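What follows is the residue order along each chain.
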Amino acid sequence: MNRLGELERAIMDVLWETSEPLTVRQVSGQLTERDLAHTTVMTVLDRLAKKGFARRERDGRAWRYRAAASREAYVTELMLNALDQTGDRQAALARFVRSVSGAEARALRRALEALNPPGRLDRARQADSLEDAAEG
Amino acid sequence: MSPAVLILAVVAAGSVPAASALASARWPGRSPAAAILLWQALGLSWGLAAVGALAGLGAGPGPGPAGTGQVGVVRAALAVAARVLRDKAFWPGAADPLADLRLVSVAAGLVLFALLCWVLVAAFAAVLRARRRHRDLLTLLAHGDPKVPGALVVDYPAAAAYCVPGLRSRIVISAGALKLLDQAELAAVLAHERAHLRERHDLVLLPFNALLRAFRWSAVARRAEGAVALLVEMLADDHALRHRPARELATALIRVGAAGSRVPSGALAIAGAENGAGDDGGGAGAAGAGARAGTDAAGASAAGARAGTDAAGASAAGARAGTESAGAENGARTGTDAAGASAAGARAGTEAAGAENGADDGGCGEVAVRVARLLRPAPGLSAAALALVCGTAGLLVAVPATLLFISF
């Protein structure tokens, strides 16, 4: 991932950590990387705002930025696209397995047993999952 | 009606049952590339013939101006349209009712042509937009992992593996899939996705997807898109086989398929609460579709909450714990281990143990077809059969194209 992408991610991480809007200076202060120019941070925040990931409001002479939505919301959006559940028949992505019906999933699990009778590793995983199920 | 128009009409009408027949055929799995070529020829043939038949109906009887022999349908139609418009403009009184119908027919042909072009362009633009958005999200949320070199990993417990095709392509494996598959299976998945990217299968699929968006109501369009999508997956499977053994790819397919594909309900609840306050585009899209997917996920988690009985339910329960708490790891592990072990866990007593040969069961499912093909490969088509397929494809395109454009 390139430099700009890393910066965008680092800055979004800062925005996701705090709930109240931050100025550019405050965002700079929270970044782990200390040598960033003020203008660099401002540019990246501007880009994020244009892409819709950050929202900004004026506070006197300065702008204050905050995340437009939570990290979980974006992960969910990503997930809905990845699992083809957006109802938008676009085929923008190429999935390894397209949607699987419940009946087919059950049949596949039976097939898995036939192919891979539980060896030592599987039995260990099976035991783990039964334990967890018993606890939770 | 001239013989040319008759032939075009027959080709256009005949494409529909031909498509149905091809979608139901068994041989495409033996040579996916040839089958895809035939599908493309069929689609192009239908487009040319339908536009040509409509335009040609307006062109009137066949032979062109005295002494020039047979004129291509396009030229004839445009000539007739020009003549009719000129007549109407200069001699409005000389009403020839047939002329109006001819004009309408030519116009209909033009409209269909414009529609087909538009739909293709619009679909491509929508896909580009969606991919850019997805790549932006990946930049913010995904990270690399040594287990999958060259791919990105996103932290969610549902098992997903996919790629974002295009000039700036990405391969994405979810954390759930990373837990579910072993190293060899992951390598097979990566090889499969790389094949999609290298061969630009997305471009092959695009016209069929565009046609489906334009003719959403058409069962044939749906079957065509489904058939071509499956063939494209088979092509990628075949390419992956050059680098990895068939069995690894097959078990990867089964594991990912068996793990189910539902967005965990807990994650949706969080997204819903957040997006109540704002109007950001991405979140709104997720919440809107999430309402639909959420009821499915809720159904799944209600039906089976114990690990080992329902992988979808188990990963929903695990993911709920995972996304709500700061310690996502613990919850994710419960969810994905349960999903991964559900196959073995099914033995723990809830599935009726049949003596069935699992790979053949539920054969209409895409995963089952691909797995069966991998584990029991059928011989490819003979050279004669391949020649027949390619010849048919050529003929399907040549006939309407000739009638439309060539004057002789």
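Residues numbered from 1 in each chain as written. Chains lettered and ligands numbered in written order. Predicted model: local features only at pLDDT ≥ 70, side-chain atom pairs only at ≥ 80, totals over all residues. Heavy atoms only, no water.

(A) Region of interest: the pairing of strand E2 (residues 54-59) of chain A. Residues and elements named next belong to chain A. Strand direction decides the pairing type here: E2 and strand E3 (residues 62-67), joined by six bridges, are antiparallel. Counterpart to Glu57 in the pairing with E3 is Arg64. Here E2 folds back onto E3, and the loop between the two strands holds two residues, one of which, Gly60, carries a positive phi near 70°. (Pairing = 2+ DSSP bridges. Helix = DSSP H or I, 4+ residues; strand = E, 2+ residues; numbered from the N terminus.)

(B) Seen up close, the environment of A:Glu8. By the element assignment, A:Glu8 lies in helix H1 (residues 3-17). Non-local contacts of A:Glu8, meaning those with residues more than four positions away in its chain, are made with A:Val44, A:Arg47, A:Leu48, A:Lys51, B:Thr139 and B:Leu140. Among the polar contacts made by the side chain of A:Glu8, one reaches the side chain of A:Lys51 at a distance of 3.3 Å. (Contact = heavy atoms within 4.5 Å. Polar contact = N/O pair within 3.5 Å; in protein donor to acceptor, adjacent residues only side chain to side chain.)

(C) Focus on the packing of helix H2 (residues 32-57) of chain B against helix H8 (residues 219-241) of chain B. Residues and elements named next belong to chain B. Where H2 meets H8, the axes come as close as 9 Å, and the angle between the chain directions of the two elements is 150°. In terms of axis orientation, H2 runs roughly antiparallel to H8. Considering only the axes of H2 and H8, their crossing is left-handed. On H8, the residues that touch Pro32, Ala33, Ala35, Ile36 and Trp39 of H2 are Ala224, Ala227, Val228, Leu231, Val232, Met234, Leu235 and Asp238. Partitioned by chemical class, the residues of the contact of H2 with H8 number 12 nonpolar, no polar and one charged. (Axes fitted to C-alpha atoms, helices over the stretch in contact; angles between N-to-C directions. Parallel < 35°, antiparallel > 145°, perpendicular 65-115°, else oblique. Left-handed = near helix turned anticlockwise from the far one by under 90°. Nonpolar A, V, L, I, M, F, W, Y, C, P; charged D, E, K, R; others polar.)

(D) Fine view of unusual backbone geometry. If you check the backbone angles, A:Asp84 has positive phi at about 60° while not being a glycine. With respect to the element layout, A:Asp84 can be found in the loop between helix H4 (71-82) and strand E4 (94-95). Positive phi is not limited to glycine here, since B:Arg200 has a value of about 55°.

(E) Quick peek at the nonpolar core. Counting 43 residues, the largest nonpolar core has A:Leu15, B:Leu138, B:Tyr156 and B:Tyr162 as its most contacted members. Looking at this core, the elements with two or more residues in it are H1, helix H2 (24-30), helix H3 (38-51), E3 and H4 of chain A together with helix H4 (97-141), strand E2 (152-154) and strand E3 (161-164) of chain B. Of all hydrophobic cores here, the second largest spans 38 residues; its members include A:Leu108, B:Ala177, B:Leu180 and B:Val371. (Core = buried A, V, L, I, M, F, W, Y, C linked by side-chain atoms within 4.5 Å. Buried < 20%, exposed > 50% of the residue type's maximum accessible area, 1.4 Å probe, protein only.)

(F) Spotlight on helix H7 (residues 201-214) of chain B. Residue and element names in this part refer to chain B. In this model H7 runs 21 Å from its N-terminal to its C-terminal C-alpha over 14 residues, within 8% of the 20 Å that 1.5 Å per residue would give. At Pro207, H7 shows its maximal kink, close to 30°. The inward-facing, buried residues of H7 contact H2, H4, helix H6 (183-199) and H8. (Expected span 1.5 Å × (residues − 1). Bend = angle between axes of the 7 residues up to and from the residue.)

(G) Examining the pattern of salt bridges more closely. Evaluation of the coordinates by the stated rule reveals 20 salt bridges over all chains. A salt bridge links A:Asp59 to A:Arg64; the nearest nitrogen and oxygen atoms lie 2.6 Å apart. With relative accessibility at 22%, the residue A:Arg64 sits in the partly exposed group. In this structure, A:Glu77 engages B:Arg133 in a salt bridge whose closest nitrogen and oxygen atoms are separated by 3.0 Å. One end of the pair, A:Glu77, is in helix H4; the other, B:Arg133, is in helix H4, on a second chain. According to the relative accessible area criterion, B:Arg133 is partly exposed, its value standing at 23%. Among the ionic contacts, a cluster of salt bridges with common partners joins A:Arg98, B:Glu233, B:Asp237, B:Glu366 and B:Arg370. (Salt bridge = Lys/Arg side-chain N within 4 Å of Asp/Glu carboxyl O.)

(H) Highlighting the confidence of the model for chain B. Taken over all residues, the pLDDT of chain B has a mean of 77, while the share at 70 or more is 69%. Contacts of residues 274-363 of chain B to residues separated by more than four positions or lying in other chains number 136 contacts, the stretch itself having pLDDT below 50. (pLDDT = per-residue confidence, 0-100.)

(I) The packing of aromatic side chains, seen in detail. Evaluation of the coordinates by the stated rule reveals five aromatic pairs over all chains. Summarising the aromatic geometry, the rings of A:Phe53 and A:Tyr74 are spaced 5.3 Å apart at their centres and angled 80° between planes, so their arrangement reads as edge-to-face. Here the residue A:Phe53 occupies a position in the loop between H3 and E2, and A:Tyr74 occupies one in helix H4, the gap between them amounting to 21 residues. On the accessibility criterion, A:Phe53 (1% relative accessible area) is buried. A relative accessible area of 1% places A:Tyr74 in the buried class. For the pair B:Phe215 and B:Trp217, a centre-to-centre distance of 5.7 Å together with 85° between the ring planes defines the contact as edge-to-face. The buried category is assigned to B:Phe215, whose relative accessible area is 16%. In this structure, A:Arg58 is placed above the aromatic ring of A:Trp63, and the distance from its NZ or CZ to the ring centre is 4.6 Å. (Phe/Tyr/Trp six-rings, centres within 6.5 Å; stacked < 30°, edge-to-face > 60°. Lys NZ or Arg CZ within 6 Å of the ring centre and 35° of its normal.)

(J) Structural detail: the sheet that holds E3(B). Here five strands make up an open sheet; going across it, the order is E4(A)-E3(B)-E4(B)-E2(B)-E1(B) and the pairing mixed. Every interior strand has two partners, whereas the edge strands, E4 of chain A together with strand E1 (143-144) of chain B, have only one. Two elements, E4(A) and E3(B), share two bridges in a ladder whose sense is antiparallel. Across the sheet, residue A:Ala94 finds its bridge partner in E3(B), namely B:Cys163.

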